[in-house]
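# Analysis of the macromolecular model
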Amino acid sequence: MSRPSSAGAVGGGLGAGKAGGGKHGGSGGTAAAAAAAGVSSGSSSGSGFGSGSAAPASAVSLPPAGLPGQPPELTALFECPVCFDYVLPPILQCQAGHLVCNQCRQKLSCCPTCRGPLSPSIRNLAMEKVASTLPFPCKYSSSGCLLSLHHSEKPDHEEVCEFRPYTCPCPGASCKWHGSLEAVMPHLMHAHKSITTLQGEDIVFLATDINLPGAVDWVMMQSCFSHHFMLVLEKQEKYEGHQQFFAVVLLIGTRKQAENFAYRLELNGNRRRLTWEATPRSIHDGVAAAIMNSDCLVFDTSVAHLFADNGNLGINVTISMC
Ligand SMILES: [Zn+2]
Ligand SMILES: [Zn+2]
Ligand SMILES: [Zn+2]
Ligand SMILES: [Zn+2]
């Protein structure tokens, strides 16, 4: 079940380039399933994942201060006193007229400014109208995003904003880590030592014990072209009673960087071949979105058995530059 593997293990000594895909949290179906659900809720926007188009077409690039000639204090009036995020429509006020954002409002029993009652809720239509005329800075402006957007476009942009912190790319692990792109590899080396790494553009990702019950993830790293790629095979029931395998390659990098590469996954054997070719996904998009959109190699258990050898499934992975 647990294979001897260490972070940074090099494929050189492994002749044919074979290595075990480290099983990730494979012991219990429930744990893996719960964690996978957590991942998917983290990147649940789904729609609007254009390849690399980080911002809606109507987004305007403005300094966080707002439009030229527009007092920056105007957007400051919309700051929530609790979380400092913006209070955006529908805008509700306390009985004395103080604003609090809808997220904080749900957790509060009284107005954070005057301690007065928050209900019955009073809508502030005038402030809503003003909000609709203002561009609001992206919530990651402090991390470097220069976009300001109409409030209705902010959530979609923030879901795909390049400046959104990266979360831990490991599927099936309930790791809550997040940080910058540069910190992802050090995090993986430190906190997920059991993941095997192979060097080279052409390797075999061997998933062992594919018949294990429940939701299981197999994870491996591949290093080539001075980049790190994460290979993921996930077994889960996307549709009830129908167990499927999903295999995908993610780049530890941005969406833009990912466009420079292509990957091929190939199941081979018994006079059969199944191939999938695509652009690697950025870990910013995550495994869950790939599976949700079936933007990966998908096959069911009977196909897996056609290619498996003693319950082990070898997937040829080839990464190329394009
Ligand atoms: Zn708030
Ligand atoms: Zn108040
Ligand atoms: Zn942004
Ligand atoms: Zn992690």
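Rules and cut-offs
- Residues numbered from 1 in each chain as written.
- Chains lettered and ligands numbered in written order.
- Predicted model: local features only at pLDDT ≥ 70, side-chain atom pairs only at ≥ 80, totals over all residues.
- Heavy atoms only, no water.
- UniProt positions renumbered as here; feature names shortened; annotations may be inferred.
- Buried < 20%, exposed > 50% of the residue type's maximum accessible area, 1.4 Å probe, protein only.
- Helix = DSSP H or I, 4+ residues; strand = E, 2+ residues; numbered from the N terminus.
- Arc of directions from axis to C-beta.
- Contact = heavy atoms within 4.5 Å.
- Core = buried A, V, L, I, M, F, W, Y, C linked by side-chain atoms within 4.5 Å.
- Pairing = 2+ DSSP bridges.
- Donors = N, O, S within 2.8 Å, 3.2 Å for Na, K, Ca; no water.
- Tetrahedral: all angles 85-135°; square planar, octahedral: opposite > 155°, others 65-115°.

The protein carries the name E3 ubiquitin-protein ligase in an unreviewed UniProt entry, which gives Amphiprion percula as its organism. Here is the UniProt Pathway (unreviewed entry) comment for the protein, exactly as written: "Protein modification; protein ubiquitination." In its Catalytic activity (unreviewed entry) section, the UniProt record describing the protein reads: "S-ubiquitinyl-[E2 ubiquitin-conjugating enzyme]-L-cysteine + [acceptor protein]-L-lysine = [E2 ubiquitin-conjugating enzyme]-L-cysteine + N(6)-ubiquitinyl-[acceptor protein]-L-lysine."

## Section: helix 4 (residues 125–133)
Every α-helix winds through 3.6 residues per turn, so residues three or four apart in the chain are directed the same way. Of the residues making up helix 4, those classed as buried are Met127, Glu128 and Ala131. Axial view of helix 4: buried residues confined to an arc of 105°, hence all on one face. Set apart from the buried face of helix 4 by more than 90 degrees, the exposed residues are Leu125, Ala126, Lys129 and Thr133. Tucked into the core, helix 4 has its buried residues touching strand 5 (122–123) and strand 6 (136–137).

## Some details on the nonpolar core
Counting 52 residues, the largest nonpolar core has Phe205, Met230, Leu233, Ile252, Leu313, Ile315 and Val317 as the members making the most contacts within it. Broken down by element, this core gets its largest block of residues, 7 residues, from strand 14 (residues 242–251). Of all hydrophobic cores here, the second largest spans 17 residues; its members include Val87, Cys101, Met127 and Leu134.

## Looking at the pairing of strand 16 (residues 272–278)
Two strands pair when backbone bridges link them, and strand 15 (residues 261–269) and strand 16 are joined in this way by 7 bridges, in the antiparallel orientation. Within strand 16, the residue paired with Leu267 across the bridge is Leu274. Remark: 2 residues form the turn of the hairpin made by strand 15 and strand 16, two consecutive strands paired antiparallel; Asn270 in that turn has positive phi of roughly 50°.

## As for the coordination of the zinc ion (ligand 3)
Taken together, the protein ligands of the zinc ion (ligand 3) are Cys138 (SG), Cys145 (SG), His157 (NE2) and Cys161 (SG), with distances of 2.1 to 2.3 Å. In this structure, the zinc ion (ligand 3) is coordinated by 4 donor atoms arranged in tetrahedral fashion, with angles at the metal of 105 to 113°. Each donor residue of the zinc ion (ligand 3) belongs to the same chain, and together they define the spacing C-x6-C-x11-H-x3-C. Residue His157 is classed as buried on the basis of its relative accessible area, which comes to 2%.

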